[in-house]
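What follows is the residue order along each chain.
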Amino acid sequence: MVWHTYIKWLLRRQDPASISSTASSRALIFELDIYRTPLFPSHSRTHSQISLHLAKIIKMPRPRWALSVEANFWRSAMAAGMYLHKCASPVPPPPSFTLHIPSTLSKFRGTIDLSFFTPPSYVAPKLSTRPHPHRSATTPPAPSAKPPQAYPVIVNFHGGGFTIGNSLDDIRWCYAVTQQLDAVVISVEYRLAPEYPFPTAVEDGTDVLLWLETHAVLYNLDATRIAISGFSAGGNMCFSVPLRLHYELCLHPRPTSSKIVAIAAFYPSTDFTATRANRRATNIRPDKELPKVFTDLFDASYLHPPMDIAMDNPFLSPAMTGDKEVLAAFPEEIMLVLCEWDELRAEGERWRDRLRGLGKKVWSELVEGVAHGWDKGPNPVWEDEKARAVYGRVCTELGRVFYGDAWVSVKEVGTVSTDVLATAI
């Protein structure tokens with residue numbers, strides 16, 4: 001096989017550093033480079049050290065290029081399913097505009113795409129005709145002055161095992177928020193594994209929060225009313241991203257005017273210290289599990305290199321976070337939606353109970369008779385009424401946090417007005 005040919009060729013080389021100059025070995029060098037410790041930091045590496053690193057790679061179940069091929073296949077398949085999901089009436093509108101911001105924390109430098117979903121009352125700035133390095137062709141420029149109304153903002157992270165999916169997968173959730181909350185949703189297109197393994201997704205999510213702190217006022221957003229939402233892997237990021245942000249601010253202390261006031265996590269993964277077998281054993285309906293082909297792909301893609309990643313790393317397993325960090329990094333208000341037929345239910349319930357025990361205000365709902373990802377069904381005819389109802393209840397809780405109890409009482413009778421929103425603020 002080509003892979004073994006690369007290895008034999010490499011071991012015959014007298015000067016390992018010269019490998020980087022050959023095009024045929026770049027894939028192998030990239031493979032080795034994304035280990036957190038570089039293979040060739042100097043020319044003095046011995047062949048035995050090289051062989052040790054190569055042995056680790058050979059033990060991988062599949063090489064990275066094979067994982068990438070498989071991931072791209074399922075990304076295409078999921079895109080087709082999500083297209084059908086969006087066809088059911090009422091058809092949710094597309095993003096109001098998009099932005100592309102630079103990554104700063106990850107070793108893989110690049111851009112992070114943001115899709116903005118805005119409420120009917122939001123007035124976007126005029127479109128810019130001048131090119132900008134971090135804006136798409138349809139991106140409005142930042143207004144020059146602070147607007148009279150600043151909108152609460154929800155930063156959303158999609159699911160897909162950190163490997164598949166995109167920022168438009170949760171478009172029905174984004175539509176519900178903009179219609180019911182008079183808030184702006186920023187859905188994040190964080191970079192995916194296996195091309196960008198752990199902790200790239202968490203670092204990208206943290207970059208968005210750092211960017212939001214300095215740019216919120218330019219886009220009519222209130223940085224003191226930020227909520228985070230996410231589904232599955234994105235639910236994991238609801239907790240791992242605030243932890244990474246807390247860590248970043250501890251490393252580089254500075255005054256901050258932004259504030260995360262709530263988290264809304266839908267069927268999140270919180271504890272990678274449990275094996276897949278142990279997780280599956282907790283599900284009361286094993287026939288409703290995610291197919292093993294998906295979970296194997298997700299784990300092999302994101303948890304790379306597997307022998308070097310500590311599964312109790314809080315940025316991977318938020319449930320392993322110490323009490324002090326939980327109290328410091330997470331907001332007081334947390335919403336947690338779990339599925340009855342889900343291998344992540346048990347760890348979600350443990351996480352809920354621990355958060356409550358530490359004094360967090362946790363609103364939680366167990367959706368009965370549904371499996372993981374139940375709200376993303378590819379039905380082009382009928383919208384999932386249960387999903388709409390659950391979204392509505394979560395929006396009610398977020399509205400209470402954003403606007404106060406007065407907003408909730410008005411929302412319950414179905415007559416939310418701009419005057420009431422302004423009064424609640």
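I will try to describe carefully the structure that is included in this document.

### Details of the overall build of the protein chain
Looking only at helices and strands, the protein chain has 14 helices and eight strands in total. Looking at the protein chain residue by residue over its 425 residues, the buried ones come to 51%. In the protein chain, the proportion of contacts linking residues at least 24 apart, taken out of those at least 6 apart, comes to 78%. Counting every atom, the protein chain has about 18,900 Å² of accessible surface; 59% of that belongs to carbon and sulfur.

### Things to note about the sheet that holds strand β2 (residues 111-117)
Strand pairs in the sheet, formed through backbone hydrogen bonds, run parallel or antiparallel to each other. Strands sit in the order β1-β2-β4-β3-β5-β6-β7-β8 across an open sheet of eight strands; the sheet is mixed. Both outer strands of the open sheet, β1 (97-102) and β8 (361-371), are each paired with one neighbouring strand and no more. In this sheet, neighbouring strand axes are inclined to one another by 20° on average, regardless of whether the strands run parallel or antiparallel. Here β2 pairs with strand β4 (residues 184-189) via five bridges, running antiparallel. When the sheet's bridge partners are listed, S115 is paired in β4 with S187. Sheet strands in contact with helix α11 (residues 345-357) are β7 (333-341) and β8, and its direction is about 155° off that of β7.

### As for helix α9 (residues 292-302)
Of all 11 residues in α9, eight are buried, a share of seventy percent or more. All of the buried residues in α9 are F294, T295, L297, F298, D299, A300, S301 and Y302. Contact partners of the buried residues in α9: α4 (64-87), α6 (200-215) and α8 (276-281).

### Focus on the packing of α6 against helix α7 (residues 233-251)
Between α6 and α7, the shortest axis-to-axis distance is 9 Å and the interhelical angle comes to 65°. Regarding the angle of α6 to α7, the classification is roughly perpendicular. α7 is crossed by α6, and the crossing has right-handed handedness. When α6 is examined against α7, the residues A201, V202, E203, G205, T206, L209 and L210 are found in contact with a partner set consisting of M237, S240, V241, R244, L245 and E248. Across the contact of α6 with α7, the residue classes break down as seven nonpolar, three polar and three charged.

### A word on α11
Taking 1.5 Å per residue as the helical rise, α11 with its 13 residues ought to reach 18 Å, and the 18 Å between its terminal C-alpha atoms agrees with that figure. The set of residues buried in α11 consists of E347, G348, W351, R352 and L355. The buried residues of α11 occupy an angular sector of 140° when the element is viewed end-on, so they sit on one face. Contacts from the buried residues of α11 go to α7, α8, α10 (323-329), β7 and β8. Immediately downstream of α11, the backbone of G359 shows phi near 100°, a positive value.

### Focus on the packing of α4 against α9
Geometrically, a packed helix pair is captured by the angle between its two axes and the distance between the axes. Interhelical geometry of α4 versus α9 gives an angle of 130° and a closest axis separation of 10 Å. Judged on the interaxial angle alone, α9 and α4 are oblique. The two elements α4 and α9 cross, and the hand of that crossing is left-handed. Contacts between α4 and α9 involve R64, L67, E70, A71 and W74 from the first element and V293, F294, L297, A300 and S301 from the second. Residues that form the contact of α4 with α9 fall into these classes: seven nonpolar, one polar and two charged.

### Quick word on the packing of aromatic side chains
Enumeration according to the criterion identifies 25 aromatic pairs in this entry. Between F116 and Y219, the aromatic rings sit 6.1 Å apart at their centres with planes inclined by 40°, giving tilted as the arrangement. Highlighted residues: F116 in strand β2 and Y219 in the loop between α6 and β5 (221-231), separated in sequence by 103 residues. Here the two residues F116 and Y219 agree in accessibility, since each one is buried. On the basis of an interplanar angle of 35° and a centroid distance of 5.9 Å, the ring pair of Y403 and W407 is categorised as tilted.

### Things to note about the pairing of β5
Taking burial as the measure, the 11 residues of β5 include 10 buried ones, the bulk of the element. Relative to β5, strand β3 (residues 151-157) runs parallel, the two being bridged by six bridges. Bridging from a neighbouring strand, V153 pairs with I226 of β5. Inspection of the sheet shows β5 paired to strand β6 (residues 260-266) by six bridges, in the parallel sense. Looking at the pairing, F231 lines up with F266 of β6. Handedness of the crossover joining β5 and β6 through α7: right-handed.

### Focus on the side chain of T178
Note on placement: T178 falls in helix α5 (residues 171-181). Within the local environment of T178, its side chain forms a polar contact with the backbone oxygen of Y175, the two atoms lying 2.9 Å apart.

### Describing the pattern of salt bridges
Under the counting rule described, the total for this entry stands at 22 salt bridges. With a closest N to O distance of 2.7 Å, D323 and R354 form a salt bridge. In this pair, D323 sits in helix α10 while R354 sits in helix α11, placing the two residues 31 residues apart along the sequence. Each member of the salt-bridge network shares a partner with another, and the members are D170, D375 and K376.

### Describing the pairing of β7
Taken across its nine residues, β7 has eight buried, putting it largely inside the fold. Examined bridge by bridge, β6 and β7 share five bridges and lie parallel to one another. By the bridge assignment for β7, A265 is matched with L336. Alignment of β7 against β8, held across eight bridges, turns out to be parallel. Paired with V337 across the two strands is E365, which belongs to β8. On the question of chirality, the crossover connecting β7 to the parallel β8 by way of α11 is right-handed.

Conventions we followed
- Residues numbered from 1 in each chain as written.
- Predicted model: local features only at pLDDT ≥ 70, side-chain atom pairs only at ≥ 80, totals over all residues.
- Heavy atoms only, no water.
- Helix = DSSP H or I, 4+ residues; strand = E, 2+ residues; numbered from the N terminus.
- Buried < 20%, exposed > 50% of the residue type's maximum accessible area, 1.4 Å probe, protein only.
- Contact = heavy atoms within 4.5 Å.
- Areas by Shrake-Rupley, 256 points an atom, 1.4 Å probe, with all protein chains shown as cover.
- Pairing = 2+ DSSP bridges.
- Axes fitted to C-alpha atoms, helices over the stretch in contact; angles between N-to-C directions.
- Parallel < 35°, antiparallel > 145°, perpendicular 65-115°, else oblique.
- Left-handed = near helix turned anticlockwise from the far one by under 90°.
- Nonpolar A, V, L, I, M, F, W, Y, C, P; charged D, E, K, R; others polar.
- Expected span 1.5 Å × (residues − 1).
- Arc of directions from axis to C-beta.
- Phe/Tyr/Trp six-rings, centres within 6.5 Å; stacked < 30°, edge-to-face > 60°.
- Right-handed = clockwise from strand over helix to strand, strands pointing away.
- Polar contact = N/O pair within 3.5 Å; in protein donor to acceptor, adjacent residues only side chain to side chain.
- Salt bridge = Lys/Arg side-chain N within 4 Å of Asp/Glu carboxyl O.

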